[in-house]
Protein chains: 2
Amino acid sequence: MKEFQVIELIKEALAESAEADWIRVGIGDDAAVVSCSPGMDIVSSIDSFLPGRHFPVDAPADLVGYRAIMASFSDLAAMGAQPKYGLVSLTIDGTNQSGIDWISDFTRGCSSAANKIGVALCGGNMSRGALSISISVHGEVDKNKACQRAGGQPGDFIYVSGPLGSAAACVRRNDLVPVESHNLSPTQEAFYRPSARFDMSKYLESASSAIDISDGLVQDLNHILERSCCGASLESNLIPLGDSAELEDGLFGGDDYELLFTSSKDLASVDKIGRLTKELGIRVDGEAVDPRGFDHFSIEFES
Amino acid sequence: MKEFQVIELIKEALAESAEADWIRVGIGDDAAVVSCSPGMDIVSSIDSFLPGRHFPVDAPADLVGYRAIMASFSDLAAMGAQPKYGLVSLTIDGTNQSGIDWISDFTRGCSSAANKIGVALCGGNMSRGALSISISVHGEVDKNKACQRAGGQPGDFIYVSGPLGSAAACVRRNDLVPVESHNLSPTQEAFYRPSARFDMSKYLESASSAIDISDGLVQDLNHILERSCCGASLESNLIPLGDSAELEDGLFGGDDYELLFTSSKDLASVDKIGRLTKELGIRVDGEAVDPRGFDHFSIEFES
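If you're wondering where the values come from, they're calculated on a predicted model, not measured in any experiment.

A. Just the interface of chain A and chain B, in detail. Tallying the contact residues gives 62 residues for chain A and 62 residues for chain B. Interface area for chain A against chain B, summed over the two sides, is near 5,100 Å², with a carbon-plus-sulfur share of 50%. Inspection of the chain A/chain B interface yields 6 salt bridges. Between A:Arg24 and B:Asp41 there is a salt bridge, and its shortest N-O distance comes to 2.5 Å.

B. Quick look at the packing of aromatic side chains. In total, this model carries 8 aromatic pairs over all chains according to the counting rule given. For the pair A:Phe191 and A:Tyr192, a centre-to-centre distance of 4.9 Å together with 85 degrees between the ring planes defines the contact as edge-to-face. Here A:Phe191 and A:Tyr192 have matching classes, each one buried. Seen from their ring centres, B:Trp102 and B:Phe106 are 5.2 Å apart, and the 15 degrees between their planes marks the pair as stacked. A residue pair is termed a helical-turn pair when its members lie 3 or 4 positions apart in one helix, as B:Trp102 and B:Phe106 do in helix 3 (residues 97-117) at 4 residues. Taken individually, B:Trp102 and B:Phe106 each receive the classification buried, so the pair is uniform in this respect.

C. Structural view of the environment of B:Asp142. Residue and element names in this part refer to chain B. Positionally, Asp-142 belongs in strand 6 (residues 132-142). Sequence spacing of Asp-142 and Ser-37 is 105 residues, and the spatial spacing of their C-alpha atoms is 9.5 Å. Residues within four places of Asp-142 in sequence aside, it is in contact with Gly-39 and Met-40.

D. Fine view of the relation of the copies chain A and chain B. Its rotation angle being 180 degrees, the transformation that places chain A on chain B also includes 0.0 Å of axial translation and leaves an RMSD of 0.0 Å. Those values place the two copies in the arrangement expected of a two-fold rotation axis. A shared binding surface is used by both copies, with 100% of the interface residues of chain A retained as interface residues in chain B.

E. The arrangement of the domain arrangement of chain A in detail. Residue and element names in this part refer to chain A. What the domain assignment lists for chain A is domain 1 (3-142) and domain 2 (157-289). Listed as interface residues are 24 residues of domain 1 and, on the opposing side, 21 residues of domain 2. Interface area for domain 1 against domain 2, summed over the two sides, is near 1,900 Å², with a carbon-plus-sulfur share of 66%. The largest contributions to the domain 1 side of the interface with domain 2 come from Leu-63, Arg-67 and Ala-78, which together make up 31% of the buried area. The tally of links from domain 1 across to domain 2 stands at 1 salt bridge. For Asp-255, the salt bridge is made with Arg-67, and the minimal N-O distance between the two is 2.6 Å. In this assembly, domain 1 and domain 2 are joined by 4 residue pairs in polar contact (both at pLDDT 80 or more).

F. Focus on the pattern of salt bridges. With the rule as written, the count across this model stands at 30 salt bridges over all chains. Across the salt bridge formed by A:Glu246 and A:Arg172, the nearest N and O atoms sit 3.9 Å from each other. Taken as a pair, A:Glu246 in the loop between strand 9 (231-234) and helix 8 (247-252) and A:Arg172 in helix 4 (residues 166-172) lie far apart in primary sequence, 74 residues in all. In this structure A:Arg172 comes out as partly exposed when scored by relative accessible area, which is 41%. When salt bridges that share partners are traced, they join A:Arg24, B:Asp41 and B:Lys143 into one network.

G. Fine view of the pairing of strand 11 (residues 271-277) of chain B. All names here are of chain B. Alignment of strand 7 (residues 157-160) against strand 11, held across 4 bridges, turns out to be antiparallel. When the bridges of strand 11 are listed, Tyr-159 appears paired with Lys-272. Looking at chain direction, strand 9 (residues 231-234) and strand 11 are connected through 4 bridges and run antiparallel. Residue Ala-232 lies in a different strand from strand 11, and its bridge partner there is Leu-276.

H. Inspection of the packing of helix 1 (residues 3-14) of chain A against helix 3 (residues 97-117) of chain A at higher detail. Residues and elements named next belong to chain A. Where helix 1 meets helix 3, the closest approach of the two axes is 8 Å, and the angle between their N-to-C directions is 35 degrees. Helix 3 is crossed by helix 1, and the crossing has right-handed handedness. Along its contact with helix 1, which presents Val-6, Leu-9, Ile-10, Ala-13 and Leu-14, the element helix 3 presents Ile-100, Ile-103, Ser-104, Thr-107, Arg-108 and Ser-111. Per-class residue counts for the contact of helix 1 with helix 3 are 7 nonpolar, 3 polar and 1 charged.

I. Up close: the sheet that holds strand 6 of chain B. The 6 strands are arranged 1(A)-2(A)-3(B)-6(B)-4(B)-5(B) in an open sheet whose pairing can be described as mixed. Strand pairing shows two members of the sheet lacking a second neighbour, strand 1 (23-25) of chain A together with strand 5 (120-128) of chain B, which therefore form its edges. Each strand of the sheet is rotated relative to its neighbour by a mean of 25 degrees, with strand direction disregarded. Along the sheet face, helix 3 of chain B touches strand 4 (82-92), strand 5 and strand 6 of chain B and points at about 170 degrees away from the line of strand 4 of chain B.

Rules used in this analysis
- Residues numbered from 1 in each chain as written.
- Chains lettered and ligands numbered in written order.
- Predicted model: local features only at pLDDT ≥ 70, side-chain atom pairs only at ≥ 80, totals over all residues.
- Heavy atoms only, no water.
- Contact = heavy atoms within 4.5 Å.
- Buried area = accessible area lost by both parts, 1.4 Å probe.
- Salt bridge = Lys/Arg side-chain N within 4 Å of Asp/Glu carboxyl O.
- Phe/Tyr/Trp six-rings, centres within 6.5 Å; stacked < 30°, edge-to-face > 60°.
- Buried < 20%, exposed > 50% of the residue type's maximum accessible area, 1.4 Å probe, protein only.
- Helix = DSSP H or I, 4+ residues; strand = E, 2+ residues; numbered from the N terminus.
- Least-squares fit on C-alpha atoms with pLDDT ≥ 70 in both.
- Domains from an automatic or database assignment.
- Polar contact = N/O pair within 3.5 Å; in protein donor to acceptor, adjacent residues only side chain to side chain.
- Pairing = 2+ DSSP bridges.
- Axes fitted to C-alpha atoms, helices over the stretch in contact; angles between N-to-C directions.
- Left-handed = near helix turned anticlockwise from the far one by under 90°.
- Nonpolar A, V, L, I, M, F, W, Y, C, P; charged D, E, K, R; others polar.

Printed below as a string of structure tokens:
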């Protein structure tokens, strides 16, 4: 199959998710052209996803696509941004029938996630080589209102947007493959179909700092602490745990893509798990913990 | 070396090219935040670069970085956009000393190219795996003024921004490696240090269509023709050829990143190589040619 035929196939699989009223020029030109709302800043991020590292080699392609889109846009949710569009660069080894099927399934997965959060996938790139996915994501935020990692103050409450640890439990149990994409267990659902939590933007407006939990609660909290120059005290019984998750999964497991944020406001409707402290470091139930978690250079899937 | 140490090293190598007055939040948060000028549209593109496919496996890392940035931003030059920022996702296998050196050299090359065209590299991503580079690039263009592939009219003149074929001659002669990055032959210079032709934006304002020549003059011209629903007649003696380039290199070789554009205006200061025609297809000196060129799925470097 020729490159242009593959691109046609992708456009077909994307269907309406390739379009939005803010897209002036979409797939098929040198670059996409997107309108920018007056008074808004652009928020941009890029992520890559590799088999055997970020997802199992034999994971269903539609789930790989769904997860990659959600995980990528999650960074924008953590900034309090409104998501608008993404560009997908796919490197894949050959375009025999199984390659074509993979591309088609992958694209449908991307499209499904894009539709769920209301973004357009309006550009991309294809190369031949070992399977690798890179996604750049873009959104808007009110000028100077992006919620950053820096800004947390001692005394601020620490919140998480939802239950943690299910995705890590799925990895721990080695339950990621084989899996049928239409029939997932709760932990597989957590791993493969996370939600970029744009619904939390109303809380982030008054947040002092925020991050998405991709590498584990303790490690991502540590990123906030480093930038905010303070410490944190957590209460383990307040940490919401997802299906099959143990406390270790909730503290150190990544891949949930819930948001972690701090605020001086006492919010009743979000899970409050502790407070920022003047004293540096992280304590859980008064005990110091190491900010270990997912290091992109040190941990690998068994595959 | 840990991920955060590598990121510190990258920030050091980027130096001032990580910053610009339009960057509100740069490297080190979940996403970059960039101000958008009033009345402008955003122009975005993504590209990936793989060893053995887009550059030789043993090419010097600084040249790989330089070329990747220029080749990526070239797509924005072809839209008549002003470049603003880029995000770089690097996948590299391990961070032993040779890996660290590669990352450092690569980043210096990226930084050098970014400085040359006045853009900021304000975000990115690192993963461990087979070497692969993905770059998303972003700029601005006056609302509804982006120059597209569609729009060419029969009778329009066809222009190219500079000499073609040198990069292809370098590939043809198998002269890409080994190479010292400070001592390049003219054809190596063409391959490794192309220019994204933002200096052509004044001509693109009155252009009816445009594209950058990454896959070869004939193939990229064909993209314009397909979208503009017309044909083209070229005169071979008018095609400017670069150092060591033969006509075949100029017609079918890629990698030069000069711009190809059409205009009803008779410009004296740009190389005019032919005209668009009502009759479909491409003719060179009256002879029909096949729109062959670089197909990302069919051609591979010998390596």
